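# Topology and contacts: notes
Chain by chain, the residues:
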Amino acid sequence: MPATDPIHDLLIVGGGINGTGIARDAAGRGLSVLLCEQGDLGGATSSASSKMIHGGLRYLEYFEFRLVAEALAEREVLLRIAPHLTRPLRFIMPHVPSLRPAWMIRLGLLLYDSLGRMGGLGRRVTLPGSAAVELDRPPLAESLQARYRKGFVYSDVAVDDARLTLANASAARLLGAVISPRCRFLGAARTQGLWHATLEDAGGRKIVLARALVNAAGPWVAEVTDTLPAGAGTPRAKVQLVKGSHIVVPRLYPGEHAFILQNDDRRVVFLLPFAERFTLIGTTDIRVDQPEDARISTDEVAYLCRAASRYVRTPVEAGNIVWSYSGVRPLFDDGRSDPSAVSRDYTFVLDRTADLPALSIFGGKITTHRRLAEAALARLRPWFPQMGPAWTDSRPLPGGDFGTLSELVDGLRQHHPALPPSWLRALALRHGSESDKVIGDAQSVAALGRDFGGESYHLYQREVEYFIEHEWAQSAEDILWRRSKAGLSMTPAQQAEFASWLERS
Ligand SMILES: Cc1cc2nc3c(=O)[nH]c(=O)nc-3n(C[C@H](O)[C@H](O)[C@H](O)COP(=O)(O)OP(=O)(O)OC[C@H]3O[C@@H](n4cnc5c(N)ncnc54)[C@H](O)[C@@H]3O)c2cc1C
């Protein structure tokens with residue numbers, strides 16, 4: 001196995017939000033980056049989140065003020081740099097006096113608003129603050145059972161987590177990073193002043209050389225650490241794997257707001273408007289032994305249905321579920337036994353043996369990935385004193401350089417009057433200002449190629465080809481459930497037909 005590659009500054013293991021975020025940041029600072037991902041980019045936890053950019057109101061109960069302040073400030077940054085993949089969302093919390101007293105919620109929201117303002121100091125804060133609301137008046141009157149009459153409202157942000165990960169990968173590639181999905185890291189050794197890492201992809205095994213290693217393997221972080229030579233005195237940090245599952249059902253209520261529902265176990269469950277016609281319900285907190293345990297159980301389904309049914313007008317039943325997914329949080333083991341209480345903040349473990357660094361990442365949120373990347377690079381600066389300063393808070397992600405979404409959609413509809421208006425809007429939400437690259441020279445529906453079907457949203461061959469050529473897509477799953485959510489609009493027969501077309505082509 002000859003070492004054929006050039007020497008990379010960073011070898012990043014893991015193409016979730018943290019690995020791709022670090023790749024983007026590092027490449028923009030002039031470092032040469034190779035990222036390897038054993039499956040699809042964003043294929044693990046980073047496409048299985050609750051899809052919120054949030055400060056985490058409930059973390060205030062655990063006094064996680066640093067995390068909350070940093071996360072709140074990121075809401076405005078991500079709205080600015082990825083306006084197509086994020087949108088402001090108002091969250092309604094119905095008041096249930098027996099669960100938390102009103103003064104406690106008011107105090108929490110006051111703190112949330114204040115930390116948000118402090119974190120955004122010197123920047124424009126666009127998200128409105130919190131307030132009390134009447135739930136028995138329009139526009140909320142039709143949403144919940146009549147017994148919930150008072151509540152509170154506050155702001156956070158919704159995000160397309162899978163596409164945010166892809167956007168980071170695309171940005172990194174534009175800046176010169178090499179992004180290698182379906183390429184597994186098998187291990188590495190420190191040899192002659194460099195990391196010699198063994199990677200394996202469809203073409204077989206190869207050795208690559210790097211000056212520093214970043215272990216951003218998420219739930220597999222400890223497994224990757226175990227393949228590395230033990231560093232002198234390096235703590236083998238432990239990861240706690242906490243599974244969370246979601247269900248998707250046909251829309252439960254009118255309006256574009258979300259609900260944060262207090263459950264009788266003191267946890268909260270979210271209802272979010274999802275993919276136009278659906279409601280996303282999540283999540284759970286269940287300790288698991290291995291990353292491969294990310295599968296929803298019947299108990300979780302029952303728990304989520306029960307939590308939502310306590311509040312909404314029509315009971316939610318397992319038979320209503322159109323889609324579900326599960327992910328595993330790779331949390332730093334802080335010794336707490338309650339999985340809901342384990343910190344969601346990130347932690348680094350830096351092994352500096354022989355002056356060849358290996359940085360392992362534990363925890364983190366979709367929300368804080370950009371700050372995590374900055375902090376990771378600050379830890380690596382001693383080895384790369386020439387690297388540029390932090391830059392990622394002001395440059396849009398690919399597709400993010402446009403005015404408002406309605407201007408973008410209007411422009412697309414004017415330029416492409418023969419293309420379905422609803423499809424153009426969906427395209428703008430996925431590709432932003434790059435939508436025209438997807439459309440290319442197509443001036444009619446026929447020119448978009450084969451129509452794979454769908455109810456409100458149609459998947460056309462033209463976009464599928466774009467996903468394959470520009471976004472590393474390979475399988476039907478990559479396309480129907482991560483690059484798009486077209487699977488939600490297609491019948492099982494249409495999905496199967498699409499998968500077999502993809503295999504044939
Ligand atoms: C149920 C749930 C809800 C959540 N909700 C939110 C939310 O609303 N907002 C929020 O901000 N955060 C949320 N989070 C947290 C957030 O999703 C995670 O913190 C984040 O996605 C972790 O990203 P990551 O890059 O560390 O891990 P991952 O996305 O899992 O990426 C790690 C990658 O490493 C790859 N890998 C592993 N081993 C190897 C190897 N040997 N070689 C090559 N590649 C390898 C894996 O295939 C994987 O793709 C939620 C998490 C869960 C589970």
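## Description of helix 6 (residues 298–309)
The terminal C-alpha atoms of helix 6, which comprises 12 residues, lie 16 Å apart, in line with the 16 Å expected from a rise of 1.5 Å per residue. Those residues of helix 6 lying buried are E300, V301, Y303, L304, C305, A307 and A308. As for helix 6, its buried residues are in contact with strand 11 (239–250), strand 12 (258–262), strand 13 (268–274), strand 14 (278–282) and strand 15 (286–287).

## Looking at the packing of helix 9 (residues 421–431) against helix 11 (residues 461–470)
One way to put it is that helix 9 packs onto helix 11 with a least axis distance of 13 Å and a crossing angle of 10 degrees. It follows that helix 9 is roughly parallel to helix 11 by the angle criterion. For the pair helix 9 and helix 11, contact is made by W423, L427, R430 and H431 and by E463, Y466 and F467, respectively. Of the residues in the contact of helix 9 with helix 11, the class split is four nonpolar, one polar and two charged.

## Here we look at the domain arrangement of the protein chain
Considered domain by domain, the protein chain is made up of domain 1 (3–45 + 163–238 + 343–383), domain 2 (70–157), domain 3 (239–332) and domain 4 (405–504). If you average the C-alpha positions of domain 2 and of domain 4, the two centres end up 33 Å apart.

## Details of the pattern of salt bridges
Within the structure shown, the criterion is met by 31 salt bridges. A salt bridge links D345 to R66, with the shortest nitrogen-to-oxygen separation between them at 2.6 Å. Here D345, found in the loop between strand 16 (323–332) and strand 17 (347–351), pairs with R66, found in helix 2 (residues 65–81); they are 279 residues apart in sequence, far enough to count as distant.

Here is what the cut-offs are and how they apply
Residues numbered from 1 in each chain as written. Predicted model: local features only at pLDDT ≥ 70, side-chain atom pairs only at ≥ 80, totals over all residues. Heavy atoms only, no water. Helix = DSSP H or I, 4+ residues; strand = E, 2+ residues; numbered from the N terminus. Expected span 1.5 Å × (residues − 1). Buried < 20%, exposed > 50% of the residue type's maximum accessible area, 1.4 Å probe, protein only. Contact = heavy atoms within 4.5 Å. Axes fitted to C-alpha atoms, helices over the stretch in contact; angles between N-to-C directions. Parallel < 35°, antiparallel > 145°, perpendicular 65-115°, else oblique. Nonpolar A, V, L, I, M, F, W, Y, C, P; charged D, E, K, R; others polar. Domains from an automatic or database assignment. Salt bridge = Lys/Arg side-chain N within 4 Å of Asp/Glu carboxyl O.

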